[in-house]
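Examining the three-dimensional arrangement
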Amino acid sequence: MMTSPFRSRRSVLTFAVVALLLLSCQEGATAGKAGSGAKADFRLKTLEGKTLGPRDFPNQVVVIDFWATWCAPCHIQARILESLHRDYKGKGVQFLAANVGEEPETVRKFVKEKPFPYPVLLDPEDEISPRLGVQALPTLVVVDKKGKISYIHTGLADADTIRKAIKAAS
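Described below are features of the structure shown in this document. Predicted model only: the values in this text are computed from it and were never measured.

Cut-offs applied
- For every chain, the first residue of the written sequence is number 1, and numbering continues from 1 onward in sequence order.
- Since the coordinates come from a predicted model, pLDDT governs what is reported: local features require at least 70, and pairs of side-chain atoms require 80 or more to be given and counted, while whole-chain, interface and lining totals use all residues.
- Note: side-chain values were computed over all heavy atoms of the structure, leaving out hydrogens and water.
- Runs of H or I in DSSP of at least four residues are treated as helices and runs of E of at least two as strands, each being numbered from the N terminus.
- Expected helix span is taken as 1.5 Å per residue step, with the number of steps being one fewer than the number of residues.
- The cut-offs for exposure are 20% and 50% of the maximum accessible area for each residue type, with area from a 1.4 Å probe on protein chains only; residues under the lower value are buried, those over the upper are exposed, and the others partly exposed.
- Summarising the geometry, the arc corresponds to the directions from the helix axis toward the C-beta atoms.
- We call two residues in contact whenever any of their non-hydrogen atoms come within 4.5 Å of each other.
- Under the rule applied, a polar contact is a pair of N or O atoms within 3.5 Å (in protein, one hydrogen donor and one hydrogen acceptor; residues adjacent in sequence only if both atoms are side-chain atoms).
- Two rings belonging to Phe, Tyr or Trp (six-membered ring only in the last case) form a pair when the distance between their centres is within 6.5 Å. Interplanar angles under 30 degrees mark stacking, angles over 60 mark edge-to-face geometry, and anything in between is tilted.

So, about helix α2 (residues 72-88). The first and last C-alpha atoms of α2 sit 25 Å apart over 17 residues, in line with the 24 Å expected at 1.5 Å per residue. Restricting attention to buried positions, one finds in α2 the residues Pro-73, Cys-74, Gln-77, Ala-78, Leu-81, Leu-84, His-85 and Tyr-88. One face of α2 carries all of its buried residues, which in axial projection span an arc of 135 degrees. Away from the buried face of α2 by more than 90 degrees, exposed residues Arg-79 and Arg-86 are located. Gly-90 sits one or two residues past α2 and shows a positive phi near 75 degrees.

This part covers helix α5 (residues 159-169). Those residues of α5 not exposed but buried are Ile-162, Ala-165, Ile-166 and Ala-169. Seen end-on, α5 carries its buried residues on one side only, within an arc spanning 100 degrees. The exposed residues of α5 that point more than 90 degrees off its buried face are Asp-160, Lys-164, Lys-167 and Ala-168. Residues of α5 that are buried sit in contact with β3 (61-67), α2, β4 (93-100), β6 (139-143) and β7 (149-154). Where α5 starts, the residue carrying a side-chain oxygen 3.0 Å from the main-chain nitrogen of Asp-160 turns out to be Asp-158.

Scanning the model with the defined rule gives four aromatic pairs in all. Here the aromatic rings of Phe-95 and Tyr-118 are separated by 5.7 Å at their centres, their planes lie at 35 degrees, and the arrangement is tilted. One end of the pair, Phe-95, is in strand β4; the other, Tyr-118, is in the loop between α3 (104-113) and β5 (120-123), and 23 residues separate them in sequence. Owing to a relative accessible area of 1%, Phe-95 belongs among the buried residues under this scheme. When its relative accessible area of 6% is taken as the criterion, Tyr-118 is described as buried. One aromatic cluster is present, formed by Trp-67, Phe-95, Phe-110, Phe-116 and Tyr-118 through successive ring pairs.

Here's what the structure looks like:
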């Protein structure tokens, strides 16, 4: 008699989470729709009601993390970025967290429990990410000092990869 590896709901759930994490971790540097070298010219409301975008940080490298509250790999990416944010603070690198497709109140509740050390942007109608070629979450977009996209990565990116992208954009 053959036994199934999925003896319980928990094992099915564990398998699904691991599969999703592995899919999100696939090497994913891509040009996307906007493409590397395209201008990253957008602004979004922050949780505080201010409007921000890459152009608000002239002569700085801007790292934008496209994420959602329901995205488990996004939570891992946020922890990696939080550490990098500390390392790059005051060194000409600005980090932004762009929430995609969720109501502001949902994001507010999440951020209240798990705050970001840098601005959280809101794109509740998912208007900006398709223009930049963001097709899955998490996706990192690195904007160089001239305001052009220099790097896009879909899936989890480790700290060394992000450091290299920041260095190349400097």
